[in-house]
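# What the coordinates show
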Amino acid sequence: MLARIASEPGKLGGKPLIRGRRITPGMVLTMLANGAGRDAILEAYPVLEPLDIDACLLYAARLSDFAAERGLTLAAE
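Anyway, here's the lowdown on the structure attached to this text. Computed from a prediction, not measured in an experiment: that's the story for all the values here.

Two elements in contact, helix H1 (residues 25–33) and helix H3 (residues 50–69), have axes whose closest approach is 9 Å; the angle formed by their N-to-C orientations is 95 degrees. Taken as axis vectors, H1 and H3 run roughly perpendicular relative to one another. Contacts from Pro25, Val28, Leu29 and Leu32 in H1 reach Ile53, Cys56, Leu57, Tyr59 and Ala60 in H3. When grouped by side-chain class, the residues that make up the contact of H1 with H3 number nine nonpolar, no polar and no charged.

Turning next to the side chain of threonine 24. Of note, threonine 24 is situated in the loop between strand E2 (16–18) and H1. With a relative accessible area of 10%, threonine 24 lands in the buried category. Not counting residues up to four positions away in its chain, the partners in contact with threonine 24 are Leu12, Lys15, Pro16, Leu17 and Ile18.

Here we come to the nonpolar core. Core analysis: the largest hydrophobic core is formed by 10 residues, namely Ile5, Ile18, Ile23, Val28, Ile41, Tyr45, Leu48, Ile53, Ala55 and Cys56. Here the element with the most residues in this core is H3; it accounts for three residues. Residues within four places of leucine 48 in sequence aside, it is in contact with Ile18, Arg19, Ile23, Val28, Ile41 and Leu42.

On to H3. Helix length check: H3 (20 residues) gives 29 Å between terminal C-alpha atoms against 28 Å at 1.5 Å per residue, within 8%. If you check which residues of H3 are buried, you get Asp52, Ile53, Ala55 and Cys56. Buried residues in H3, looked at end-on, bunch into an arc of 155 degrees, giving them a common side. Seen from the open side of H3, the exposed residues pointing more than 90 degrees away from its buried face are Ala68 and Glu69. Of the surrounding secondary structure, the elements contacted by the buried residues of H3 are strand E1 (5–7), E2, H1 and helix H2 (38–44). Two residues or fewer after H3 comes glycine 71, characterised by a positive phi angle close to 70 degrees.

Reading the values: the criteria
- Residues numbered from 1 in each chain as written.
- Predicted model: local features only at pLDDT ≥ 70, side-chain atom pairs only at ≥ 80, totals over all residues.
- Heavy atoms only, no water.
- Axes fitted to C-alpha atoms, helices over the stretch in contact; angles between N-to-C directions.
- Helix = DSSP H or I, 4+ residues; strand = E, 2+ residues; numbered from the N terminus.
- Parallel < 35°, antiparallel > 145°, perpendicular 65-115°, else oblique.
- Contact = heavy atoms within 4.5 Å.
- Nonpolar A, V, L, I, M, F, W, Y, C, P; charged D, E, K, R; others polar.
- Buried < 20%, exposed > 50% of the residue type's maximum accessible area, 1.4 Å probe, protein only.
- Core = buried A, V, L, I, M, F, W, Y, C linked by side-chain atoms within 4.5 Å.
- Expected span 1.5 Å × (residues − 1).
- Arc of directions from axis to C-beta.

Put into structure tokens, the structure is as follows:
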């Protein structure tokens, strides 16, 4: 599932993208964090598929584990 998310040099400054689209996992995760449901995300980004949202959630979980293993944290806003 994580194969749906990859960085591409020259696109959005090398940020991870969903299936090569100019949509980042962060964009999807921010919508979820702000209370948007799956249908709202798919409406906002019609090129996405439901599995892309699942991939973003898995991506975030893996990044969280990776950061925790290294003692990395983000400051609260």
